Amino acid sequence: MRIDASKVDRIVDAYGCHRDSLISILQDVQAECSYLPEDALKRVAKRLKLPLIQVYGVATFFKAFSLQPRGEHMVRVCLGTACHVRGAPAVLDEVRRQLDVEPGETTEDSRFTLETVNCLGACALGPLVVVDSEYQGQITPGKVKRVLKQYMNDGRGK
Amino acid sequence: MIELTIDGTKVRAAPGTTVLEAAREMGIVIPTLCYYPGLSSYGECRVCLVEMVKGRGRSSLEASCALPVEQGQVILTSSAKVKKARRVVVELLLASCPSSKTLQCMASNMGINQVRFKIKPRECILCGRCVRYCKEQMRSGGIGFTGRGTARRVTTAFGHTPEECRNCGGCQWICPVCERACTADSLVNGLCGGCQNLAHVETCEICTGCSESVGAHGHTVY
Ligand code: SF4
Ligand code: SF4
Ligand code: FES
Ligand code: FES
């Protein structure tokens, strides 16, 4: 994905081209492109007059930032303690099998990105899977397919 | 001037100096790794630990390279507590960098006879010397820390040689780890012991004695 420099410039200018706003700027760039493309980071570094490595360091420090293109839907499987004891590993295995990707990867048709997280603060609902921003509580390996299907068939369909 | 006591001797130091500098001024040896004269203090490696006596039998361990001198401070630089703590620190560092000669030498100086931690070579102790050198001395900022936790590394952005880099080689020169590795090829308890190895050393046929330290197998014969 090519991001045009003017888009990045607009975001940078919205924050007054200030170094202190680096994280907010990156958040907005990510919201715009769904990830942080190399070109965009270079542009941000140039505009803020920061060494690229500093921008890159921040982008790699926070888990919320991604340097890889992400799929249309984010699937987050919680592996926190509470979810773990309630059977999250089996759920993860099923999601992996259904989507045919490993955690951190995106499906070939770029519809889904799979990620694991360690506790989402909703332990009572565990085992928990969050797709985009919808919480799917008390999930079992058997329910995984049905949940994912809702997202497979939206939009373009497949 | 500030007056403090280091190892029972009263010393005076200018405000703003660190305990490490004050102690070195007196000729006291304190090992350091992440500290480097001319670079800012970073306080990461913890091998420069000293004991700060607080009275009533209490004391705390502090990194001397990042500890400013204070009026009436009482510092011990080689108490049993300090020595023990430093040994653990070096053991931990060795577990992530067993090939570092600096670390191996430090270990033998401290009388460490085994590394009790699982050895996972990462070839970097994240001391940040290279990063600070690049930024503060070269005014470049080509390299830096990326990632966090166990994924923390020193790298260049996207793995490309950065535009800012001046090819000074300083980052490599200043690194306490990416130097000539220990030549002993088998670690016993995580320690090399190469220097104590008295096996016959082969040298170049036309060797004029380049005085490189050689291990059990000598250096390459050219
Ligand atoms: S060689 Fe490049 S990256 Fe290394 S210290 Fe010099 S300017 Fe910095
Ligand atoms: S590469 Fe060397 S100097 Fe740089 S942080 Fe790692 S150990 Fe320290
Ligand atoms: S452990 Fe899964 S939400 Fe807390
Ligand atoms: S030299 Fe003091 S913490 Fe590294």
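What counts and how
Residues numbered from 1 in each chain as written. Chains lettered and ligands numbered in written order. Predicted model: local features only at pLDDT ≥ 70, side-chain atom pairs only at ≥ 80, totals over all residues. Heavy atoms only, no water. Phe/Tyr/Trp six-rings, centres within 6.5 Å; stacked < 30°, edge-to-face > 60°. Helix = DSSP H or I, 4+ residues; strand = E, 2+ residues; numbered from the N terminus. Buried < 20%, exposed > 50% of the residue type's maximum accessible area, 1.4 Å probe, protein only. Lys NZ or Arg CZ within 6 Å of the ring centre and 35° of its normal. Domains from an automatic or database assignment. Near = heavy atom within 4 Å. Nonpolar A, V, L, I, M, F, W, Y, C, P; charged D, E, K, R; others polar. Contact = heavy atoms within 4.5 Å. Buried area = accessible area lost by both parts, 1.4 Å probe. Salt bridge = Lys/Arg side-chain N within 4 Å of Asp/Glu carboxyl O. Polar contact = N/O pair within 3.5 Å; in protein donor to acceptor, adjacent residues only side chain to side chain. Expected span 1.5 Å × (residues − 1). Arc of directions from axis to C-beta. Pairing = 2+ DSSP bridges.

### Points about the packing of aromatic side chains
Then, number 1: The full count for this structure, using the stated rule, is six aromatic pairs over all chains.
Then, number 2: Ring geometry for B:Tyr36 versus B:Trp173: centroids 6.2 Å apart, planes at 75 degrees, classification edge-to-face. Here B:Tyr36 is found in the loop between α1 (19–25) and β3 (49–55), whereas its partner B:Trp173 is found in helix α5 (residues 170–174), with 137 residues between them in sequence.
Then, number 3: Of the residues examined, B:Trp173 reaches a relative accessible area of 58% and is grouped as exposed.
Then, number 4: Through successive ring pairs, a cluster of aromatic residues spans A:Phe61, A:Phe62 and A:Phe65.
Then, number 5: In this arrangement the basic side chain of B:Arg148 is found over the ring face of A:Phe61, its NZ or CZ atom lying 5.1 Å from the centre.

### Details of the domain arrangement of chain A
Then, number 1: In terms of domain boundaries, chain A breaks down into domain 1 (5–61) and domain 2 (73–153).
Then, number 2: Between the C-alpha centres of domain 1 of chain A and domain 2 of chain A the distance comes to 30 Å.

### As for the site of ligand 2
Then, number 1: Contacts to ligand 2 come from B:Cys124, B:Ile125, B:Leu126, B:Cys127, B:Gly128, B:Arg129, B:Cys130, B:Val154, B:Cys175, B:Pro176 and B:Val177.
Then, number 2: Across the shell around ligand 2, the residue classes break down as nine nonpolar, one polar and one charged.

### Section: the interface of chain A and chain B
Then, number 1: Opposite the 10 residues of chain A that make contact, chain B presents 16 residues.
Then, number 2: Taken together, the two surfaces of chain A and chain B that pack against each other cover about 1100 Å², and 66% of this comes from carbon and sulfur.
Then, number 3: When the buried area of chain A at its contact with chain B is split by residue, A:Ile53, A:Tyr56 and A:Phe61 rank highest and sum to 50% of it.
Then, number 4: Remark: the boundary between chain A and chain B carries zero salt bridges.
Then, number 5: Linking chain A to chain B there are four residue pairs in polar contact (both at pLDDT 80 or more).

### Some words on helix α6 (residues 88–99) of chain A
All names here are of chain A.
Then, number 1: The end-to-end C-alpha distance of α6, which contains 12 residues, comes to 16 Å, matching closely the 16 Å that a straight helix rising 1.5 Å per residue would cover.
Then, number 2: Turning to α6, its buried residues are Ala-88, Val-91, Leu-92, Glu-94, Val-95 and Leu-99. Along the axis of α6, the buried residues cluster in a sector spanning 160 degrees; they form a single face.
Then, number 3: At the C-terminal side of α6, Asp-100 shows a positive phi close to 60 degrees.

### Describing the pairing of strand β1 (residues 2–6) of chain B
All names here are of chain B.
Then, number 1: Of all five residues making up β1, four are buried, and the element is well covered by its neighbours.
Then, number 2: In terms of strand pairing, β1 meets strand β2 (residues 9–13) through five bridges, oriented antiparallel. Looking at β2, one finds that Leu-4 is bridged to Val-11.
Then, number 3: Taken together, β1 and the strand that follows it, β2, pair antiparallel across an intervening segment of two residues, in which Asp-7 is found at a positive phi of about 50 degrees.
Then, number 4: Pairing between β1 and strand β5 (residues 74–76): two bridges, direction parallel. From the neighbouring strand, Ile-6 faces β5, where its bridge partner is Ile-75.

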